[in-house]
Amino acid sequence: MMQVTPARSYRCAYHPRDAYGNPQLSESGVLPVVQLKAASAEHALRAAAAITGCAIESVERVEDAEVLA
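Residues numbered from 1 in each chain as written. Predicted model: local features only at pLDDT ≥ 70, side-chain atom pairs only at ≥ 80, totals over all residues. Heavy atoms only, no water.

Thoughts on the sheet that holds strand β3 (residues 55–62)
Line of reasoning, step 1. One open sheet accounts for three strands, arranged β2-β1-β3; its pairing is antiparallel. Edge positions in the sheet fall to β2 (33–38) and β3, since each has one partner strand and no second. Within this sheet the neighbouring strands show an average axis-to-axis angle of 30°, counted without direction.
Line of reasoning, step 2. Pairing geometry for strand β1 (residues 8–15) and β3, over seven bridges, is antiparallel. Residue pairing across strands places Y10 opposite R61, the latter belonging to β3. (Pairing = 2+ DSSP bridges. Helix = DSSP H or I, 4+ residues; strand = E, 2+ residues; numbered from the N terminus. Axes fitted to C-alpha atoms, helices over the stretch in contact; angles between N-to-C directions.)

A closer look at helix α1 (residues 41–52)
Line of reasoning, step 1. Between its terminal C-alpha atoms α1 stretches 16 Å, which fits the 16 Å expected from twelve residues at 1.5 Å a residue.
Line of reasoning, step 2. Where α1 ends, the next residue or the one after it, G53, has phi of about 70°, a positive value. (Expected span 1.5 Å × (residues − 1).)

A word on the nonpolar core
Line of reasoning, step 1. Listed in full, the ten residues of the largest apolar core are Y10, C12, Y14, V34, L36, A38, A44, A48, C54 and I56.
Line of reasoning, step 2. Only β1, β2 and α1 provide two or more residues apiece to this core.
Line of reasoning, step 3. Ignoring any residue separated from it by four or fewer positions in sequence, one finds A44 in contact with Y10, C12, L36, A38 and V59. (Core = buried A, V, L, I, M, F, W, Y, C linked by side-chain atoms within 4.5 Å. Buried < 20%, exposed > 50% of the residue type's maximum accessible area, 1.4 Å probe, protein only. Contact = heavy atoms within 4.5 Å.)

Examining the environment of S26
Line of reasoning, step 1. Structurally, the position occupied by S26 is in the loop between β1 and β2.
Line of reasoning, step 2. Each C-alpha atom, one on S26 and one on H15, is 8.6 Å from the other, the two residues being eleven residues apart in sequence.

Topic: the pairing of β2
Line of reasoning, step 1. Of the two faces of β2, only the one carrying V34, L36 and A38 is buried; V33, Q35 and K37 on the other face are not.
Line of reasoning, step 2. Here β1 runs beside β2; their pairing, made up of six bridges, is antiparallel. Each residue of the ladder has a partner; that of C12, found in β2, is V34.

Set out below in structure tokens:
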């Protein structure tokens, strides 16, 4: 029997790339983020990397109350 893990919300900060595929530096030091739902932080990291095509700096779990606010 397969166990189903509930999806949770995660916010992943990533290093954007320029037109040539090189990491682009942020003048402000603030990295862009992508927010998604995943079963774990590891799944969120892999999904964010696949979606953005960029190196992921951090993965942060977002509480449900914070998402709804």
